[in-house]
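Residue-level listing of the chains:
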Amino acid sequence: MNSEVSGRPRVIDNVAALRAWLGACRGSGRSLGLVPTMGALHEGHLSLVRASRARCDATAVTIFVNPTQFGPHEDLTRYPRTLEADLDALAEVRADVVFTPPVELMYPAGFSTYVEPPEVARPWEGVCRPTHFRGVATVVLKLFQLLPADVAFFGQKDFQQCLVVRRMVRDLNVPIEIQVCPIVREPDGLAMSSRNRYLSPAERQQALALSRGLRVAGELVERDQREAAEILARVRGELRAAGIERIDYVALANPDTLAEVERVAPSAVLLLAAYVGSTRLIDNCLLGECLLGDGSPLDEPRE
Ligand code: PAF
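Residues numbered from 1 in each chain as written. Predicted model: local features only at pLDDT ≥ 70, side-chain atom pairs only at ≥ 80, totals over all residues. Heavy atoms only, no water.

Caption draft 1: Focus on the pattern of salt bridges. Enumeration according to the criterion identifies 19 salt bridges in this entry. Taking the shortest distance from any N to any O, the salt bridge between Glu119 and Arg122 comes out at 3.0 Å. Accessibility classification places Glu119 together with Arg122 in one group, the exposed group. Taking the shortest distance from any N to any O, the salt bridge between Asp283 and Arg185 comes out at 2.9 Å. In this pair, Asp283 sits in strand β9 (residues 279–288) while Arg185 sits in the loop between β6 (177–181) and α9 (201–206), placing the two residues 98 residues apart along the sequence. Through salt bridges with shared partners, a single ionic network connects Glu74, Glu125, Arg129, Asp248 and Arg280. (Salt bridge = Lys/Arg side-chain N within 4 Å of Asp/Glu carboxyl O. Buried < 20%, exposed > 50% of the residue type's maximum accessible area, 1.4 Å probe, protein only. Helix = DSSP H or I, 4+ residues; strand = E, 2+ residues; numbered from the N terminus.)

Dropping the structure here:
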């Protein structure tokens, strides 16, 4: 269907058309915002597009289910692919272009060059998913090369990913600003995720224990409980009480380095990863003094 008639963004799947569009965009002096995604879009993604539209003259969204960031036993083949619905959603938020590269464009035969991710990729997700951030860093850098935007937008839901991308951009002198946007939650608190659609109704209820755990931790810190051991025990208690037994990590870490902390002093990030049924979910929140200000401390580079 003609995108001008449907209101859908223009879909581009090859480098020649992408370069022509970029040339026209730059030629007219427009700033460019980039929202990298794997599709199966939800309100969290759409909030990134809105943030881009608020700051930049043109917004490009990428949809690419990146095979190199999935481990051998992860959900690459069953990862939801919902391009038609995604394009309708992107029409609503008025994205300009959607880049949907075929896998051969991103990983041509014989591909063997990867980005070695920064130190901050090592703990937490890095332990549970040892090759994940290598795949993320590699594909994100490739997307930044293909679409040299002024600003790229990422969600705080993937807290460690945000730090990895921000460090990579700094370390490799990539001329792009990274803006991190707040987590978008369902009205009952569940952080929006493309993987939520795997949950059965009963699991969807169970999954609420993650955001409840974060809330309990926030309340403890507000009442001046700063000891990590106490806070983490309460959060784990919330997960277990909901029948969530397979917990990858519940951790309090320094929000810049992700090193584990013993006290929330002055601030920390609480990171969770756990399985609800066979679905692995992650969530996080900032605790302590970093909550002061505009509530989005990741918006400003910390270096
Ligand atoms: O957050 C995601 O959806 C992916 O990790 C990203 C950044 C699009 C890279 O594939």
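Okay, back to it.
Caption draft 2: Looking closely at the packing of aromatic side chains. The tally for this structure, following the rule as stated, stands at six aromatic pairs. An angle of 35° between the planes, with centres 6.2 Å apart, marks the rings of Phe64 and Tyr107 as tilted. Taken as a pair, Phe64 in the loop between β3 (58–63) and α4 (83–92) and Tyr107 in the loop between α5 (103–106) and α6 (125–128) lie far apart in primary sequence, 43 residues in all. Tyr107 matches Phe64 in its accessibility class, with the two residues each being buried. With 5.2 Å between their ring centres and 90° between their planes, Phe111 and Tyr114 make a pair best called edge-to-face. (Phe/Tyr/Trp six-rings, centres within 6.5 Å; stacked < 30°, edge-to-face > 60°.)

Caption draft 3: View of the state of the cysteines. If you walk through the whole model with that rule in mind, you get zero disulfides. Cys25 carries a free sulfur, and the closest cysteine sulfur to it, the one in Cys56, is 9.5 Å from it. (Disulfide = S-S within 2.5 Å.)

Caption draft 4: Structural view of the nonpolar core. Among the nonpolar cores identified, the biggest contains 52 residues, and Trp21, Phe144, Leu147, Ile178 and Leu258 are the most heavily contacted of them. Looking at this core, the element that brings in the most residues is helix α7 (residues 132–146), giving nine residues. Beyond its immediate stretch of four places on either side in the chain, Leu147 contacts Leu18, Trp21, Leu22, Leu32, Leu34, Ala60, Thr62 and Phe99. Within the second largest apolar cluster, 31 residues are counted, among which are Ala217, Val221, Ile231 and Val250. (Core = buried A, V, L, I, M, F, W, Y, C linked by side-chain atoms within 4.5 Å. Contact = heavy atoms within 4.5 Å.)

Caption draft 5: Seen up close, the sheet that holds β3. Spatially, the six strands line up as an open sheet ordered β1-β4-β3-β2-β5-β6, and their pairing is parallel. Lying at the two open borders of the sheet, with one neighbouring strand each, are β1 (10–12) and β6. Across the sheet, the axes of successive neighbouring strands diverge by a mean angle of 25°, strand direction being ignored. In the packing of helix α2 (residues 15–27) onto the sheet, the strands contacted are β1, β2 (32–37), β3 and β4 (97–99), and the crossing angle to β1 comes to about 130°. (Pairing = 2+ DSSP bridges. Axes fitted to C-alpha atoms, helices over the stretch in contact; angles between N-to-C directions.)

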